[in-house]
Amino acid sequence: MTDELGIRRERALRAAVEQGLVSEGEPVVGLLDVTGIEHATTALQAAFATPGVEITHTFAVKAASLVPVLALLGACGLGAEVASPGELALARAAGIPAGRTVLDSPAKTVSELRQALVLGVAVNADNPQELARIDALRTAVPGTAAPVGLRVNPQVGGGTIGAMSTATATSKFGVALRDPGAEEWVLRAYAERPWLNRLHTHTGSQGVPLDLMAAGVRAAYELAERINQAAGRQQITVLDIGGGLPVNFGSDETTPAFADYAGLLRREIPGLFDGRYGLVTEFGRSLLAKNGSVLARVEYAKSAGGRPIAVTHAGAQVATRTVFVPDAWPLRVLALDEKGRPKDGDPVVQDVAGPCCFAGDLVAKGRPLPLLAAGDHVALLDTGAYYFSNHFAYNSLPRPAVWGYAVHADGKVAFSPVRTAQTEAELLTESGAGLPPLHRGQ
Ligand SMILES: Cc1ncc(COP(=O)(O)O)c(C=O)c1O
């Protein structure tokens, strides 16, 4: 399977160049491996499948806010975890049913909450103030079918990337469970609301080790047990254990696998799978990352201070985190020739730069690669998650097109559009063109 992913990718990169997907007019594109996404989805479902346990795997839309991708995942049986009205709109446009959608944002407005209750979308309240808003809204939307949960921060600690760690002592997310009086408040909140029937936690994303993720889930599970015991019934019926499985950006291997994580949870928290709880998961990166590449033309190849530099069209606008926090988000870069084939040649230490007008716009620094020349291409690997949803609008560079690919038995590659490149007209509109002149002071 690992090799197949690499083989499909190599064929797709070459076909994308041959078929003119990457061109003078569109010198950078995103590519997604449809078969790979389907395989990842199947692996997730198989890893968690347990007789007698109802499991809803939602996809964290923030990882790939692309309607055709959401529709593909929906057709594979997944739901959507959304964190804004825009993400909810995308999930609905993709046909994801409300019953398979979860709203998790930390700053939900009253109207967002009302919409979720009206639609029957599950809501995870982030804090006591939000829960009070939901109390009031439930009166205004009587008979809502929307399940409601509470997000807790188990405060089990952070991983290697601070910005991705949501279970630190001072994280902005959820009810900080170990703070004085917090658990007592949670128990009271459930006791006073017989309809509050879910509990949610998400320990973090990339950089959080599996045992810490499991510790976060265990804390939520144990809390659910205490809440149910206090209620004298199974008040919490669904545990939402979040996402966060880290991705290996160093090779084509999928490690850790969904099966590793599910196996750990089964060993560490057997009660999670004994049929008393339904489960919701919210994976993003681990479903998509390894199934995507950014393909870009090398516009110029130059040298400065003895350092060869390939100036490409893939920089901070598409690889924002990699450019700004390179140590946390290193990417593998493939050197490809003018036809999109792997480039031969001894490795030469070089920089791979993007098109943005600031010196730090490098996607790889001092990287040994076959020496790149003008007219060659580069591929940034494992960019299927977050790279197509974190566009950085600096320099008014357009959001690139994204294509899905499938490789047929005869080796031919079929592309289907996932997103068209942003047009100049769209860029102008987004930048205020056509609005009336500004009022000036007298
Ligand atoms: C609440 C929640 N769930 C799920 C995810 C998805 O995480 P990942 O893409 O690491 O699986 C995130 C990521 O920020 C999140 O905040």
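Residues numbered from 1 in each chain as written. Predicted model: local features only at pLDDT ≥ 70, side-chain atom pairs only at ≥ 80, totals over all residues. Heavy atoms only, no water.

Engineer: I would appreciate a short explanation of the pattern of salt bridges in the present structure.
Structural biologist: Think of it this way: side chains of opposite charge can pair up when their charged atoms draw near. Enumeration according to the criterion identifies 22 salt bridges in this entry. One salt bridge connects R276 with E225, and the closest N-O pair in it is separated by 2.8 Å. In this pair, R276 sits in the loop between α9 (258-268) and β10 (278-283) while E225 sits in helix α8 (residues 210-231), placing the two residues 51 residues apart along the sequence. R332 is the salt-bridge partner of D382, the closest N and O atoms lying 3.1 Å from each other. Taken as a pair, D382 in the loop between β16 (377-381) and β17 (401-407) and R332 in the loop between α11 (320-324) and β13 (333-336) lie far apart in primary sequence, 50 residues in all. Considered together, D382 and R332 belong to a single accessibility category, that of buried residues. Beyond isolated ion pairs, a larger network of salt bridges with shared partners links R9, D252, K290, R332 and D382. (Salt bridge = Lys/Arg side-chain N within 4 Å of Asp/Glu carboxyl O. Helix = DSSP H or I, 4+ residues; strand = E, 2+ residues; numbered from the N terminus. Buried < 20%, exposed > 50% of the residue type's maximum accessible area, 1.4 Å probe, protein only.)

Engineer: Can you walk me through unusual backbone geometry in this structure?
Structural biologist: In terms of backbone geometry, most residues other than glycine have negative phi values and most peptide bonds are trans. A cis amide bond links T255 with the next residue in sequence, P256, at an omega value of 0°. By the element assignment, P256 lies in the loop between β9 (238-240) and α9. In this model, Y386 sits at a positive phi of 75°, which is unusual for a non-glycine residue. Relative to the elements of secondary structure, Y386 occurs in the loop between β16 and β17. Here the phi dihedral of S396 falls at roughly 50°; this positive angle occurs in a residue that is not glycine. As for its placement among the helices and strands, S396 is situated in the loop between β16 and β17.

Engineer: When you look at the domain arrangement of the chain in this model, what are you seeing that I'm missing?
Structural biologist: For an interface, size is often stated in terms of accessible area lost upon the parts coming together. With domains assigned, the chain is organised as domain 1 (2-32 + 290-423) and domain 2 (49-283). Here domain 1 and domain 2 have C-alpha centroids that lie 34 Å from each other. Taken together, the contact pairs 22 residues of domain 1 with 18 residues of domain 2. Contact between domain 1 and domain 2 buries roughly 1,600 Å² in total, counting both sides, with carbon and sulfur atoms accounting for 64%. Counting the surface domain 1 buries against domain 2, the share from its top three residues, K290, W329 and Y386, is 33%. Along the contact surface separating domain 1 from domain 2 lie two salt bridges. With its nearest N and O atoms 2.9 Å apart, the salt bridge here joins D252 to R9. If one sorts the elements of the side of domain 1 that touches domain 2 by residue count, helix α1 (residues 2-18) sits on top with four residues. (Domains from an automatic or database assignment. Contact = heavy atoms within 4.5 Å. Buried area = accessible area lost by both parts, 1.4 Å probe.)

Engineer: Teacher, can you tell me more about the packing of aromatic side chains here?
Structural biologist: Counting across every chain of the model gives twelve aromatic pairs. Their ring planes at 70° and their centres at 5.9 Å tell us that Y221 and Y277 sit as a pair that is edge-to-face. One end of the pair, Y221, is in helix α8; the other, Y277, is in the loop between α9 and β10, with 56 residues separating them in the sequence. Since its relative accessible area comes to 11%, Y221 is described here as buried. Taking the relative accessible area as the measure of exposure, Y277 reaches 1% and is therefore buried. Judged by centre distance (5.4 Å) and plane angle (85°), the ring pair of F324 and F392 falls under edge-to-face. You can see F324 sitting in helix α11 and its partner F392 sitting in the loop between β16 and β17, a full 68 residues away along the chain. (Phe/Tyr/Trp six-rings, centres within 6.5 Å; stacked < 30°, edge-to-face > 60°.)

Engineer: Sorry, what's going on with the site of the ligand here?
Structural biologist: In the vicinity of the ligand there are 14 residues, among which S205, G244, E282, R285 and Y386 approach most closely. In the model, an oxygen atom of the ligand is placed 2.9 Å from a nitrogen or oxygen of the S205 side chain. At 2.8 Å, a backbone N or O of R285 approaches an oxygen atom of the ligand. Within the complex, 92% of the 400 Å² of free accessible area of the ligand lies under protein. (Near = heavy atom within 4 Å. Polar contact = N/O pair within 3.5 Å; in protein donor to acceptor, adjacent residues only side chain to side chain. Areas by Shrake-Rupley, 256 points an atom, 1.4 Å probe, with all protein chains shown as cover.)

Engineer: Explain the layout of surface pockets to me, please; I cannot follow it from the model alone.
Structural biologist: If a probe the size of a water molecule is rolled over the atoms, the empty space left behind becomes visible. By volume, the largest pocket amounts to about 530 Å³. Residue lining of the largest pocket: 27 residues in total, with K62, F173, H202, S205 and Y386 positioned closest to the centre. Broken down by secondary-structure element, the contributors of at least two residues to the lining of the largest pocket are β10 and α10 (285-288). Per-class residue counts for the lining of the largest pocket are nine nonpolar, nine polar and nine charged. (1 Å grid on protein atoms, 1.4 Å probe; cavity = no way out; pocket = protein on both sides within 12 Å on 5 of 7 lines; lining within 4 Å. Points joined across faces, edges and corners; volume = space filled by probe spheres on them. Nonpolar A, V, L, I, M, F, W, Y, C, P; charged D, E, K, R; others polar.)

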